[in-house]
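Spelled out from the first residue to the last, the chains are:
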Amino acid sequence: MENVFILNGPNLNLLGTREPEIYGAETLADVETRCDSKALALGLSIEFRQTNLEGELVNWIHEARGKASGIIINAGAYTHTSVALHDALKAVGLPAIEVHLSNVYKRESFRHHSYISPVARGVICGFGVQSYELALDGMSGILKTKRKG
Ligand code: CA2
């Protein structure tokens, strides 16, 4: 069974506790449960993690090489600041999908630039917790295509 790393960045551990008008009422544990169900239905296994530390995300991206077939990443605010995450994703070369709960393009202009997008296969944002399920659908398609080729 192919494995997918689902990596979450800073402050996403607060999901469901504050700003429900932007991020919804579900917790990150609820998101993980949804991802577990979706992955099961797609015949994938997942490793779901969260950290507030940029370097830990870099280490996990490196770890994915050899342990995962793809990476789904919500890098939180590091999306808009981190050359290190850009370089790490580029270096491992695994298919990566960038996800966001909110529609970052409807928000402050500093959220309109992403260091992740140029090294991602695709970007999904604005669908709340469903963004993660859509990303898993997308990753399943990418991995199936790869197997056929
Ligand atoms: O929309 C997203 O998923 C974001 O990646 C979330 C980040 C934000 O910096 C990005 O621009 C867009 C922030 C995550 C913070 O999550 C919280 C959740 C509840 C309460 C407070 C913060």
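The structure we're discussing is the one just above.
Please read these numbers as outputs of a predicted model, since none were measured by experiment. (Residues numbered from 1 in each chain as written. Predicted model: local features only at pLDDT ≥ 70, side-chain atom pairs only at ≥ 80, totals over all residues. Heavy atoms only, no water.)

Mind laying out the site of the ligand, listing which residues take part and the relevant values?
Taken together, 17 residues lie around the ligand, and Asn-74, His-80, Leu-101, Ser-102 and Arg-111 are the ones closest in. Between an oxygen atom of the ligand and a main-chain N or O atom of Asn-11, the distance comes to 3.5 Å. Here the ligand, which alone exposes 510 Å², has 96% of that area covered by the protein. More than half of the atoms of the ligand fall within 2 Å of the grid points belonging to the largest pocket. For the shell around the ligand, the per-class residue count stands at eight nonpolar, six polar and three charged. (Near = heavy atom within 4 Å. Polar contact = N/O pair within 3.5 Å; in protein donor to acceptor, adjacent residues only side chain to side chain. Areas by Shrake-Rupley, 256 points an atom, 1.4 Å probe, with all protein chains shown as cover. 1 Å grid on protein atoms, 1.4 Å probe; cavity = no way out; pocket = protein on both sides within 12 Å on 5 of 7 lines; lining within 4 Å. Sits in = over half its atoms within 2 Å of the grid points. Nonpolar A, V, L, I, M, F, W, Y, C, P; charged D, E, K, R; others polar.)

Summarise the packing of aromatic side chains; cite the residues concerned and give the values.
This structure, assessed with the given rule, holds one aromatic pair. The interplanar angle of 40 degrees and the centroid separation of 6.4 Å between the aromatic rings of Phe-48 and Tyr-132 together place this pair among those described as tilted. With Phe-48 in strand S2 (residues 45-50) and Tyr-132 in helix H5 (residues 130-148), this pair connects stretches of sequence that are 84 residues apart. Residue Tyr-132 is classed as buried on the basis of its relative accessible area of 1%. (Phe/Tyr/Trp six-rings, centres within 6.5 Å; stacked < 30°, edge-to-face > 60°. Helix = DSSP H or I, 4+ residues; strand = E, 2+ residues; numbered from the N terminus. Buried < 20%, exposed > 50% of the residue type's maximum accessible area, 1.4 Å probe, protein only.)

Which residues make up the side chain of His-100, and what values do they have?
One can find His-100 in strand S4 (residues 96-100). For His-100, a relative accessible area of 5% puts it in the buried group. When sequence neighbours within four positions are dropped, the list of residues in contact with His-100 reads Asn-74, Thr-79, Ile-124, Cys-125, Gly-126, Phe-127 and Ser-131. (Contact = heavy atoms within 4.5 Å.)

So, the environment of Ser-131: which residues are in play, and what are the values?
The topology assignment puts Ser-131 in helix H5. In the structure, Ser-131 is positioned 24 residues away from Arg-107 in sequence and 17 Å away in space, judged by C-alpha atoms.

Any chance you could break down the pairing of strand S3 (residues 70-74) for me, citing the residues and the numbers?
Within S3, five of the five residues are buried, which leaves it mostly tucked inside the rest of the structure. Burial of S3 is two-sided: the residues Gly-70, Ile-72 and Asn-74 facing one way and the residues Ile-71 and Ile-73 facing the other way are all buried. Where strand S1 (residues 3-8) lies against S3, five bridges are found, and the strand directions are parallel. Paired with Ile-6 across the bridge in S3 is Ile-72. Direction of pairing for S3 relative to S4: parallel, over a ladder of three bridges. Opposite Ile-73, over in S4, you have Glu-98 as the bridge partner. (Pairing = 2+ DSSP bridges.)

Can you explain the nonpolar core? Please cite residues and give values.
Ile-6, Ile-72 and Tyr-132 are the most contacted members of the largest nonpolar core, which totals 23 residues. At six residues, the largest contribution of residues to this core is made by H5. Setting aside chain neighbours within four positions, we find Ile-72 in contact with Val-4, Phe-5, Ile-6, Leu-7, Ile-97, Val-99, Ala-135, Leu-136 and Met-139. Membership of the second largest hydrophobic core comes to 20 residues, among which are Ala-68, Ile-73, Ala-75 and Tyr-78. (Core = buried A, V, L, I, M, F, W, Y, C linked by side-chain atoms within 4.5 Å.)

Give me the lowdown on helix H4 (residues 83-92), citing residues and values where you can.
Among all positions of H4, only Leu-85, His-86, Ala-88, Leu-89 and Val-92 are buried. For H4, the arc enclosing every buried residue in end-on projection is 165 degrees, short of the 170-degree limit, so these residues lie on one face. Opposite the buried face of H4, at more than 90 degrees from it, the exposed residues are Lys-90 and Ala-91. Where H4 is buried, its residues contact helix H3 (54-64), S3 and S4. The N-terminus of H4 is capped by Ser-82, whose side-chain oxygen sits 3.4 Å from the backbone nitrogen of Ala-84. Two residues or fewer after H4 comes Gly-93, characterised by a positive phi angle close to 70 degrees. (Arc of directions from axis to C-beta.)

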